[in-house]
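# Breakdown of the fold
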Amino acid sequence: MVKSFNVISPVDGSIYVQRAFAANGQIDKRLDKAVKAFGSWKQTSMAERKKLCRKAVEWMLQHAPQLGEELTWQMGRPIQFASKEITGSFAERAEYMLEIAEDALADVSLHSGDATTRYIRRVPHGVVLVLAPWNYPYLTAVNTVIPALMAGNCVVLKHATQTPLCAEAFEKAFKAAGVPEGVLQAIHMDHNQVAGVVRDSRIHYVSFTGSVVGGTAIEAAMAGKFIGSGLELGGKDP
């Protein structure tokens, strides 16, 4: 039996939206799809990735009023401020990261005294799992989504159960932009499913924003995999 969850709106205590957690078989298929998409996505040019990511950002900006209203009902931010997360910090951060990507990811030449050419080259990890919180769901997610995609990775995105429509909006935006299938996918999962995906060999990097308890669980699930992670945990101005 597929489990579901309700988003209880802090606006009036009503059930704003209901979503089903993905079945384990669905998760498995999506991970396979991400791995398959990575093979071709990492070969795309920096210019093509930038063009598609920028189109996705533009889609978000065009739909900012609707997304802002949805955000208010999901997590309670005053309506006059809700869409500004998208039109302000989200858009500014995305544009900055798109502009610096080529220089940031360029080869680093190393000087040598002989005829040998030495350089450092950055290569994509593979499939990046992004676990985003409810409080700034667009800003915190784009902090990883754009850099991951620009570097040639594929992304599996899971938002907090309080803001599931934000993950769906990301998927819609990149689909509308023409990003190939499997490059960015949103999945609704419970905590046990997240731990299973973190342990899965098809995940090559984990980005998590949330509580210290959550970060501890992520680290435990990653044990022995020797993969990278970015953990922004609870606290004052981390």
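Residues numbered from 1 in each chain as written. Predicted model: local features only at pLDDT ≥ 70, side-chain atom pairs only at ≥ 80, totals over all residues. Heavy atoms only, no water.

A few words on the layout of surface pockets. Empty space left among the atoms is revealed by rolling a probe the size of a water molecule over them. Considering only enclosed or pocket space, the largest pocket measures out at about 710 Å³ in volume. What lines the largest pocket is a set of 31 residues, among which Pro133, Phe208, Thr209, Gly210 and Ser211 lie closest to the centre. Breaking the lining of the largest pocket down by element, the ones donating at least two residues are β5 (127-132), α6 (137-150), β6 (154-159), α8 (191-199), β8 (205-210), α9 (212-222) and β9 (228-233). Here the residues of the lining of the largest pocket sort into 15 nonpolar, 13 polar and three charged. Here the second largest pocket defines a volume of roughly 330 Å³. Taken together, 20 residues form the lining of the second largest pocket, with Leu105, Pro147, Ala148, Ala151 and Asn153 sitting closest to its centre. Of all elements in the fold, only α2 (46-62), α6 and β8 reach the threshold of two or more residues within the lining of the second largest pocket. Among the elements that make up the lining of the second largest pocket, the one with the highest residue count is α6 (five residues). Taken together, the residues that form the lining of the second largest pocket break down as eleven nonpolar, five polar and four charged. (1 Å grid on protein atoms, 1.4 Å probe; cavity = no way out; pocket = protein on both sides within 12 Å on 5 of 7 lines; lining within 4 Å. Points joined across faces, edges and corners; volume = space filled by probe spheres on them. Helix = DSSP H or I, 4+ residues; strand = E, 2+ residues; numbered from the N terminus. Nonpolar A, V, L, I, M, F, W, Y, C, P; charged D, E, K, R; others polar.)

Moving on to α6. For α6, built from 14 residues, the straight-helix expectation of 20 Å at 1.5 Å per residue is met to within 8% by its first-to-last C-alpha distance of 20 Å. Along α6, the sharpest change in direction is near 25° and occurs at Asn143; proline Pro147 comes one to four residues later. Most of α6 is tucked away, with twelve of its 14 residues classed as buried. (Expected span 1.5 Å × (residues − 1). Bend = angle between axes of the 7 residues up to and from the residue. Buried < 20%, exposed > 50% of the residue type's maximum accessible area, 1.4 Å probe, protein only.)

Judged by nonpolar contacts, the single largest core of 44 residues is most densely connected at Met60, Tyr138, Ile146, Leu149, Phe170 and Phe174. Ignoring any residue separated from it by four or fewer positions in sequence, one finds Phe170 in contact with Met60, Phe90, Pro137, Tyr138, Ala141, Val142, Val145, Leu157, His159 and Leu184. Grouped together as the second largest cluster of nonpolar side chains are 19 residues, Ala34, Val156, Val198 and Ile218 included. (Core = buried A, V, L, I, M, F, W, Y, C linked by side-chain atoms within 4.5 Å. Contact = heavy atoms within 4.5 Å.)

Further remarks concern the pairing of strand β2 (residues 15-20). For strand β1 (residues 4-8) and β2, the ladder comprises five bridges, and the chain directions are antiparallel. Paired with Ser4 across the bridge in β2 is Ala20. With antiparallel pairing between neighbouring strands as the criterion, β1 and β2 make up a hairpin whose turn holds six residues, including Gly13 at a positive phi of roughly 80°. (Pairing = 2+ DSSP bridges.)

Considering all chains together, one arrives at five aromatic pairs under this definition. With 5.9 Å between their ring centres and 10° between their planes, Tyr16 and Trp73 make a pair best called stacked. Of this pair, Tyr16 sits in strand β2 while Trp73 sits in helix α3 (residues 64-75), placing them 57 residues apart in sequence. With a centroid separation of 6.1 Å and an interplanar angle of 75°, the aromatic rings of Phe90 and Phe170 are classed as edge-to-face. Of this pair, Phe90 sits in helix α5 (residues 84-104) while Phe170 is found in helix α7 (residues 164-177), placing the two residues 80 residues apart along the sequence. Across the pair, Phe170 and Phe90 agree in class, each one buried. Lying over the aromatic face of Tyr136, Arg77 brings its terminal NZ or CZ to 4.8 Å of the ring centre. (Phe/Tyr/Trp six-rings, centres within 6.5 Å; stacked < 30°, edge-to-face > 60°. Lys NZ or Arg CZ within 6 Å of the ring centre and 35° of its normal.)

Keep in mind these numbers describe shape, not what the thing actually does.
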